[in-house]
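Descriptive analysis of the structure
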Amino acid sequence: VSTYSARFYQGRTLLGHIAGHMTKTNTIGYIASFPIPEVIRGINAMTLAAQKVNPNIKTKIVWVFTWYDPGKEAEAAQALIDQGADIIMQHTDSTAPVQTAEKAGVWSFGQASDMDKFAPKAVLTSVENNWGPYYVDRVKAVANGTWNQKDTWHGIGDGMVVISDLDSQMPSDLQAKVKKLQADLASGKVHSFTGPIYDQKGNLMVAEGKTADDGMLAGMMTYVKGVEGDIPK
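It should be emphasised that the depicted structure is a prediction, and the values quoted were computed from it without experimental measurement.

What counts, and at which threshold
Residues numbered from 1 in each chain as written. Predicted model: local features only at pLDDT ≥ 70, side-chain atom pairs only at ≥ 80, totals over all residues. Heavy atoms only, no water. Phe/Tyr/Trp six-rings, centres within 6.5 Å; stacked < 30°, edge-to-face > 60°. Lys NZ or Arg CZ within 6 Å of the ring centre and 35° of its normal. Buried < 20%, exposed > 50% of the residue type's maximum accessible area, 1.4 Å probe, protein only. Helix = DSSP H or I, 4+ residues; strand = E, 2+ residues; numbered from the N terminus. Pairing = 2+ DSSP bridges. 1 Å grid on protein atoms, 1.4 Å probe; cavity = no way out; pocket = protein on both sides within 12 Å on 5 of 7 lines; lining within 4 Å. Points joined across faces, edges and corners; volume = space filled by probe spheres on them. Nonpolar A, V, L, I, M, F, W, Y, C, P; charged D, E, K, R; others polar. Expected span 1.5 Å × (residues − 1). Arc of directions from axis to C-beta. Contact = heavy atoms within 4.5 Å. Polar contact = N/O pair within 3.5 Å; in protein donor to acceptor, adjacent residues only side chain to side chain.

On to the packing of aromatic side chains. Inspection of the entire model under this criterion finds ten aromatic pairs. An aromatic cluster of three or more residues is present, and its members are Tyr4, Phe8, Trp131, Tyr134 and Tyr135. One Lys or Arg, arginine 7, reaches over the ring of tryptophan 153 and ends 4.2 Å from the middle of that ring. The positively charged end of arginine 138 is found above the aromatic ring belonging to tryptophan 147, 3.9 Å away from the centroid.

What follows is the structure, encoded as structure tokens:
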């Protein structure tokens, strides 16, 4: 048995960097699916990146407890907008959040695929899941008898996490910064979780100059400073 996943949090780092520059209310709304480490990592990675460019950032979350429910996602997006969020993020898979954002005149980011065509005035970019190359490689391994057990956790550098085209409404200097950060994440020069990192209560999670190891990332169930609310039980 082999396992595979993607380092989606690297994509969230880029979205956070963009959000930190683009927000005017300093409030980012995040539609979350289920309280599992993958989702918590994404919330934290986005928040940390946004705070690096804008220390006043606050992240508000609505939990919908589903991966795909357009009605719930639309309601969550509107609730976050009503609370002052002028950028909507999602860890759910329908296009309802980006469409709700466009109707309200706020920014948004697509999830899992390029969602620009569904809300071209709102979507700044999307984090795409590029599973195809991994599937092809593993099927070929079965076919030619070279299959072996391995656990895969790839990111931007391996092409499993892809960032869609950046919207032309983003300033050109910001686009350049995003592309530089993307390259640095891909090469490993920059790590999404580099200390000092503090949790909501001010406790040190990652020391200055250190990075979170994969064990911490895989089991992450604590919000970083700047995220509002509690993690549902």
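Once that is clear, we can look at the pairing of strand 6 (residues 123-129). Judged by how many residues are buried, strand 6 sits mostly within the fold: five of seven residues are covered. Bridge count between strand 5 (residues 107-112) and strand 6: four bridges; the pairing is parallel. Residue pairing for strand 6: glutamine 111 is matched across the bridge by valine 127. The pairing of strand 6 with strand 8 (residues 161-163) spans three bridges and is classified as antiparallel. Bridge pairing in strand 8 links asparagine 129 to valine 161.

Take the layout of surface pockets next. Put simply, the largest pocket is a space of about 260 Å³. For the lining of the largest pocket, the secondary-structure elements that each account for two or more residues are helix 2 (37-53) and strand 9 (197-198). Of the residues forming the lining of the largest pocket, the biggest block, three residues, is contributed by helix 2. Taken together, Asp199, Gln200, Lys201, Met221, Thr222, Tyr223, Asp230, Ile231, Pro232 and Lys233 form the lining of the second largest pocket. Among the residues making up the lining of the second largest pocket, the classes are represented as four nonpolar, two polar and four charged.

Our focus in this paragraph is helix 3 (residues 70-82). If you check helix 3, its first and last C-alpha atoms are 18 Å apart, about what 13 residues at 1.5 Å a residue would give, namely 18 Å. Within the sequence span of helix 3, burial applies to Glu73, Ala76, Ala77, Leu80 and Ile81. Looking straight down helix 3, one finds that the buried residues subtend no more than 135 degrees of arc, so they occupy a single side. Structural note: helix 3 exposes Glu75 and Asp82 on the side pointing more than 90 degrees away from its buried face. Packing partners of the buried residues in helix 3 comprise strand 2 (27-32), strand 3 (58-63), strand 4 (87-90) and helix 4 (96-104). Glycine 84, located one to two residues past helix 3, shows a positive phi value of around 100 degrees.

In this section: the side chain of arginine 7. Within the secondary structure, arginine 7 is located in the loop between strand 1 (3-6) and helix 1 (8-22). When its relative accessible area of 14% is taken as the criterion, arginine 7 is described as buried. Only 2.9 Å separates the side chain of arginine 7 from the side chain of tyrosine 9, close enough to count as a polar contact. Once residues lying within four places of it in the same chain are set aside, the contact partners of arginine 7 are Trp153, His154, Gly155, Val161, Asp214 and Leu217.

As a further point, take helix 5 (residues 132-144). When the terminal C-alpha atoms of helix 5 are compared, their 18 Å separation across 13 residues agrees well with the 18 Å that a helix rising 1.5 Å per residue should span. For helix 5, the full list of buried residues reads Tyr134, Arg138 and Ala141. Looking straight down helix 5, one finds that the buried residues subtend no more than 55 degrees of arc, so they occupy a single side. Facing away from the buried side of helix 5, by more than 90 degrees, are the exposed residues Pro133, Val139, Lys140, Ala143 and Asn144.

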